[in-house]
Amino acid sequence: MLDGLGQWPHPIFANQSVLLGPPEDPAQIRGMTDMVAAFRRIAETKSPFILNNDPNVKALLDVVWEAAGRPDQGNWYSDSGLEGSEAVDSASNVGGYTVWGVDPYLQYQAKHPLTLEILLSGDPFVQRIMASIVVTPQTSLAANVEGATAPQAYLIPPDATARGRPQRDPGP
């Protein structure tokens, strides 16, 4: 951007993953803000952990596992190919931990009673921000700045971002 190869990034979308676990929290991670330290503690206490094989979550957890010092994946760690709500249901059934996006978790929990709570959130490492960057003709003579700017202009206004958010029941 500073060299003129692209226009300044515009944030389009953001989401966050959270660490879910049982209310009794055997690894005592509630309130922690460091995903790697929490994962290390789960491994040290050999508390059940169910891998969520959602491709985005799995990629994140591969990095977390490496950063935590590659703890032994013994009986406490379960990778049975479950994804999304299936992984969450499994963690709920065994009193274990798992990772999922905060929005899908809250939507799923509203219709499916779970024995899991959000125990860790707010770690910048588990937040994803998607941004739009329009490249300039300086990058490529084929750059279509006008064509690239049109969808960006559609996605950026606050009313467009609000349209993309799931509607929540305001309750009583």
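Refer to the structure printed above.
Residues numbered from 1 in each chain as written. Predicted model: local features only at pLDDT ≥ 70, side-chain atom pairs only at ≥ 80, totals over all residues. Heavy atoms only, no water.

### Looking at the overall build of the chain
Check the secondary structure of the chain and you find six helices and six strands. Put simply, the chain runs from its N terminus to its C terminus through helices and strands in the order β-α-β-α-β-α-β-α-β-β-α-α. Counting the 172 residues in the chain, one finds 35% classified as buried. For the chain, restricting intrachain contacts to residue pairs at least 6 apart in sequence, the fraction spanning at least 24 positions comes to 74%. Of the accessible surface of the chain, which amounts to about 10100 Å², a share of 56% is contributed by carbon and sulfur atoms. (Helix = DSSP H or I, 4+ residues; strand = E, 2+ residues; numbered from the N terminus. Buried < 20%, exposed > 50% of the residue type's maximum accessible area, 1.4 Å probe, protein only. Contact = heavy atoms within 4.5 Å. Areas by Shrake-Rupley, 256 points an atom, 1.4 Å probe, with all protein chains shown as cover.)

### Some remarks on the environment of P11
Mapped onto the fold, P11 is located in strand β1 (residues 10-21). Those residues in contact with P11, other than ones at most four positions away along the chain, are I129, M130, A131 and I156.

### Focus: a nonpolar patch on the surface
Where nonpolar side chains cluster on the molecular surface, the patch consists of M1, W8 and I133 and spans about 340 Å² of accessible area. Here W8 shows up in the segment before β1. A relative accessible area of 60% places W8 in the exposed class. (Patch = residues over 30% accessible without salt bridge, like charges linked within 9 Å, V, L, I, M, F, W, Y side chains within 5 Å. Salt bridge = Lys/Arg side-chain N within 4 Å of Asp/Glu carboxyl O.)

### A short note on the packing of aromatic side chains
Summed over all chains, the structure comprises five aromatic pairs. Measuring from ring centre to ring centre gives 5.4 Å for W76 and Y77, while their planes differ by 75°; the resulting arrangement is edge-to-face. One aromatic cluster is present, built from ring pairs that chain together F39, F49, W76 and Y77. (Phe/Tyr/Trp six-rings, centres within 6.5 Å; stacked < 30°, edge-to-face > 60°.)

### Let's talk about unusual backbone geometry
Trans peptide bonds make up most of the peptide bonds, and negative phi angles are found at most residues other than glycine. Of note, D25 is a non-glycine position whose phi angle comes to about 45°, a positive value. Tracing the chain through its elements places D25 in the loop between β1 and α1 (35-45). Here D25 falls in the buried class, since its relative accessible area comes to 6%. In the Ramachandran plot, Q28 falls in the positive-phi region, its phi being about 55° despite a non-glycine side chain. Looking at the secondary structure, you find Q28 in the loop between β1 and α1.

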